[in-house]
Amino acid sequence: MNIKFSDATAVGPWSFTAEERVPKNSMEKPLDILLVEDNLEDAELTVEAIRSNIPHQLTVLENGEKAILYLKKQGEYARSRTPDVVVLDLNLPRKNGFDVLREIKNDPRLKKMPVIVFTVADLKEEMLKPYGVRKEQYVKKSADYSQLIQAIKHVTQQPPKNQPEGNVYPLGLKSKIKILIVEDCREDVELIEEILLLKKKYEWQLTHVERLKEALQLLDGESFDVVVLDLNLPDSRGLETLKTIRKHKSRVPIVVMTGLQDDETGLEAVRNGAQDYLIKGQISAELFPRSLQYAMERAHLERVREELISYVNHELNNPLTVIKEGISQVAQGLLGEINDKQKGYLTKATLHINRLIRITDDLMDTTMLEFGKVVLKKETFNAVEVGKSALDSFRSFAANRGFDIRFASLGDEGTIFADKDRIQQILFNLLNNAFKYTEKGHIELSVRDKGHDIEFSVEDTGKGIPEENHEKIFKKFERLTPSKSSHAKGTGLGLFISRELVKLHAGRIWVESKVGEGSKFSFTIPKT
Ligand code: ADP
């Protein structure tokens, strides 16, 4: 079967985009569909089926690598559109469908993207679950395309992709508020039921379970506007209860209930991702609905802030990388000879671009850490090797500036189970600071085995830090150095990010320093 795509544009060996013309008076918005399919005939049949059923704009790509570049708006796809739905074959060249699904799931900007797995393979529900793909998102390829069309309609009729799970709307907009109460004390539940009966202004729908396990099951299948959570349940105790729910559902607003005179636990819960807390015994008809409302609105604002930062980061970072690449090609003379003066300007431009990229990366990391969204990807590796390679990346810079750089370790032992990229990021931050705030002398990185922990230290002979600021510098945006001094430009986020990453590893970070003599930043990471 040969189909002519009148509006098709070739973007690869045979990848194309096809823009379906939507009838002028149609109220239906065309769906933006990305089809990832390596078999041209299958692709043509699928496009034809979609064409006759759904107003659409369609892009077809023939391998997994391109699909990821397209979705992440990278390389030749820097200006790609964000699709409403991805229809994904699994058996793909250059990155198979499962790899594509994994990358979509691991990217906070993409993980909400509706995907339909469209394959000849017979798949069990459990095989797709780890990728966040539900039963209705899997369609087995056959001559009958009606199931695919149905699935596309189904997933795109879900709440819009930017809308958070857990319906985080300001309360005023909702007609019915769905509450999940996780509480094993019957009297507390009855009290809440009475309060809700009194408050007729809103319509409530209360679901009650006693165990964490049941709550997780319910949250998997249904969406709730707010969860009211007792931390101490028969199958989970303390902050662990909250953390487990948060890990499971990152967005749903949570109001924690704590015991009498336990403000500290309540505050700790808020620091760990709850939106508000209520003290049992002090719950009143006034307080309870107000707390729920506050939690829902707070979750909504958190979401808006996170999305805004993620959007700004995305919209800045990709173009910056493209600009940097262009400048680098010109500076290297790849596009024709350039003189020293021109080269000087290009080098300066590159420095500024690198700084902007660092700022957007830092802002993104800070937001993700604050919202508890950074998940460590732990693996076993040799801490000494990672330390050496971090230092190596500064060698040519150190040689140019006349620094003596040293590495110290006790043997080559030091196997550690941690997130290697994140450990490298912390070391990079500390080494970068050491070079930034040191005029001359030496910089030493040491990796030592401390029994249960590995201790990393970065020592410099720089300007030092007054003792009263040793705590302060780990806070967000804290800078002791005036940003005017050109080589010491920074965001004030490096140490904050480092501290949060160390904390995520259940380690410790601190500084020892004397003004005029130098500083030593150290952190420990448990070996297992
Ligand atoms: P930035 O370096 O981007 O300003 P950081 O969070 O990495 O942000 O550091 C916070 C502040 O701590 C810096 O502005 C600087 O004043 C101080 N600081 C960090 N490392 C050192 C160091 N090795 N020597 C002296 N001061 C330092």
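Our subject is the structure listed above.
Presented here is an overview of the structure given in this document. Everything numeric here is computed off the predicted structure, so don't read it as measured data. (Residues numbered from 1 in each chain as written. Predicted model: local features only at pLDDT ≥ 70, side-chain atom pairs only at ≥ 80, totals over all residues. Heavy atoms only, no water.)

## Thoughts on the overall build of the protein chain
Part 1: Per the secondary structure count, the protein chain includes 15 helices and 19 strands.
Part 2: Look at the contacts in the protein chain between residues 6 or more apart in sequence, and 69% of them connect residues 24 or more apart.
Part 3: Taken as a whole, the protein chain presents about 27,700 Å² of accessible surface, with 51% of it coming from carbon and sulfur. (Helix = DSSP H or I, 4+ residues; strand = E, 2+ residues; numbered from the N terminus. Contact = heavy atoms within 4.5 Å. Areas by Shrake-Rupley, 256 points an atom, 1.4 Å probe, with all protein chains shown as cover.)

## Comments concerning the pattern of salt bridges
Part 1: With the rule as written, the count across this model stands at 30 salt bridges.
Part 2: The residue Lys 178 makes a salt bridge to Glu 222 at a minimum N-O spacing of 3.0 Å. Taken together, the positions of Lys 178 in strand β8 (residues 176–182) and Glu 222 in the loop between α7 (212–221) and β10 (226–230) put the pair 44 residues apart, joining distant regions of the chain.
Part 3: Given the relative accessible area of 32%, Glu 222 is considered partly exposed.
Part 4: Between Lys 503 and Glu 500 there is a salt bridge whose closest N-O contact spans 3.4 Å. Taken together, the residues Lys 503 and Glu 500, both in helix α15 (residues 494–504) and three residues apart, mark about one turn of the helix.
Part 5: Through salt bridges with shared partners, one network takes in Lys 72, Lys 95, Glu 103, Asp 107 and Arg 109. (Salt bridge = Lys/Arg side-chain N within 4 Å of Asp/Glu carboxyl O. Buried < 20%, exposed > 50% of the residue type's maximum accessible area, 1.4 Å probe, protein only.)

## Observations concerning the packing of helix α12 (residues 383–392) against helix α14 (residues 420–436)
How two helices pack is summed up by the angle between their axes together with the distance between the axes.
Part 1: Between α12 and α14, the least distance of the axes is 10 Å, while the angle of their chain directions is 45°. Considering their axes alone, α12 and α14 lie oblique with respect to each other. The two elements α12 and α14 meet at a crossing, and its hand is right-handed. Facing Val 386, Gly 387, Ser 389, Ala 390 and Leu 391 of α12, the residues of α14 in contact are Lys 420, Ile 423, Gln 424, Leu 427 and Leu 431.
Part 2: The residue inventory of the contact of α12 with α14, partitioned by class, reads six nonpolar, three polar and one charged. (Axes fitted to C-alpha atoms, helices over the stretch in contact; angles between N-to-C directions. Parallel < 35°, antiparallel > 145°, perpendicular 65-115°, else oblique. Left-handed = near helix turned anticlockwise from the far one by under 90°. Nonpolar A, V, L, I, M, F, W, Y, C, P; charged D, E, K, R; others polar.)

## Some remarks on the sheet that holds strand β19 (residues 518–526)
Part 1: Taken in spatial order, the five strands line up as β14-β16-β17-β19-β18 in an open sheet, and their pairing is mixed. Each edge of the open sheet is held by one strand with a lone partner, namely β14 (404–409) and β18 (508–514). Direction aside, the axes of adjacent strands within the sheet are offset by 10° on average.
Part 2: In this sheet, β19 lies alongside strand β17 (residues 453–460) in antiparallel orientation, the contact comprising eight bridges. By the bridge assignment for β19, Val 458 is matched with Phe 521.
Part 3: Across the sheet, α12 lies against β14, β16 (442–450) and β17, angled at about 175° from β14, the strand it touches most. (Pairing = 2+ DSSP bridges.)

## Structural notes on the nonpolar core
Part 1: Of all hydrophobic cores here, the largest spans 43 residues; its most connected members are Ile 416, Ile 423, Leu 427, Phe 456, Phe 521 and Phe 523.
Part 2: If you tally residues by element for this core, the top one is α14, at seven residues.
Part 3: When residues no more than four places from it in sequence are discounted, the contact partners of Leu 427 are Val 386, Gly 387, Ala 390, Leu 445, Phe 456 and Phe 523.
Part 4: Of all hydrophobic cores here, the second largest spans 24 residues; its members include Val 36, Leu 101, Met 113 and Val 117. (Core = buried A, V, L, I, M, F, W, Y, C linked by side-chain atoms within 4.5 Å.)

## Some details on the site of the ligand
Part 1: Taken together, 19 residues form the shell around the ligand, and within it Asn 433, Tyr 437, Arg 479, Thr 491 and Leu 495 come nearest.
Part 2: Note that an oxygen atom of the ligand is positioned 2.9 Å from one of the side-chain N or O atoms of Lys 436.
Part 3: Contact distances for the ligand include 3.1 Å between an oxygen atom and a backbone N or O atom of Leu 480.
Part 4: Relative to its unbound accessible area of 520 Å², the ligand is 98% covered by the protein chains.
Part 5: Mapped onto the shell around the ligand, the elements with two or more residues apiece are α14, α15 and β19.
Part 6: Top contributing element to the shell around the ligand by residue count: α14, with three residues. (Near = heavy atom within 4 Å. Polar contact = N/O pair within 3.5 Å; in protein donor to acceptor, adjacent residues only side chain to side chain.)

## Thoughts on the packing of aromatic side chains
Part 1: According to the stated counting rule, one finds nine aromatic pairs in the structure shown.
Part 2: On the numbers, 5.3 Å between centres and 35° between planes, the contact of Phe 394 with Phe 428 is tilted. Placement of Phe 394 in the loop between α12 and α13 (395–401) and of Phe 428 in helix α14 is noted, with a sequence separation of 34 residues between them.
Part 3: On the basis of relative accessibility, which here comes to 6%, the residue Phe 394 falls in the buried class.
Part 4: Of the residues examined, Phe 428 reaches a relative accessible area of 39% and is grouped as partly exposed.
Part 5: Ring geometry for Phe 403 against Phe 435: centres 5.3 Å apart, planes inclined by 80°, an arrangement best described as edge-to-face. On the criterion of sequence distance, the pair formed by Phe 403 in the loop between α13 and β14 and Phe 435 in helix α14 is long-range, its members being 32 residues apart.
Part 6: Residue classification places Phe 403 among the buried positions, given a relative accessible area of 8%. (Phe/Tyr/Trp six-rings, centres within 6.5 Å; stacked < 30°, edge-to-face > 60°.)

## As for the packing of α7 against helix α8 (residues 239–248)
Part 1: α8 packs onto α7 with a crossing angle of 20° between their chain directions and a minimal axis gap of 11 Å. Judged by the inter-axis angle, α7 sits roughly parallel to α8. The crossing of α7 and α8 is right-handed. Across the interface between the two elements, Leu 212, Leu 216, Leu 219 and Asp 220 from α7 touch Thr 241, Thr 244, Ile 245 and His 248 from α8.

Honestly, it's all geometry; don't read function into it.
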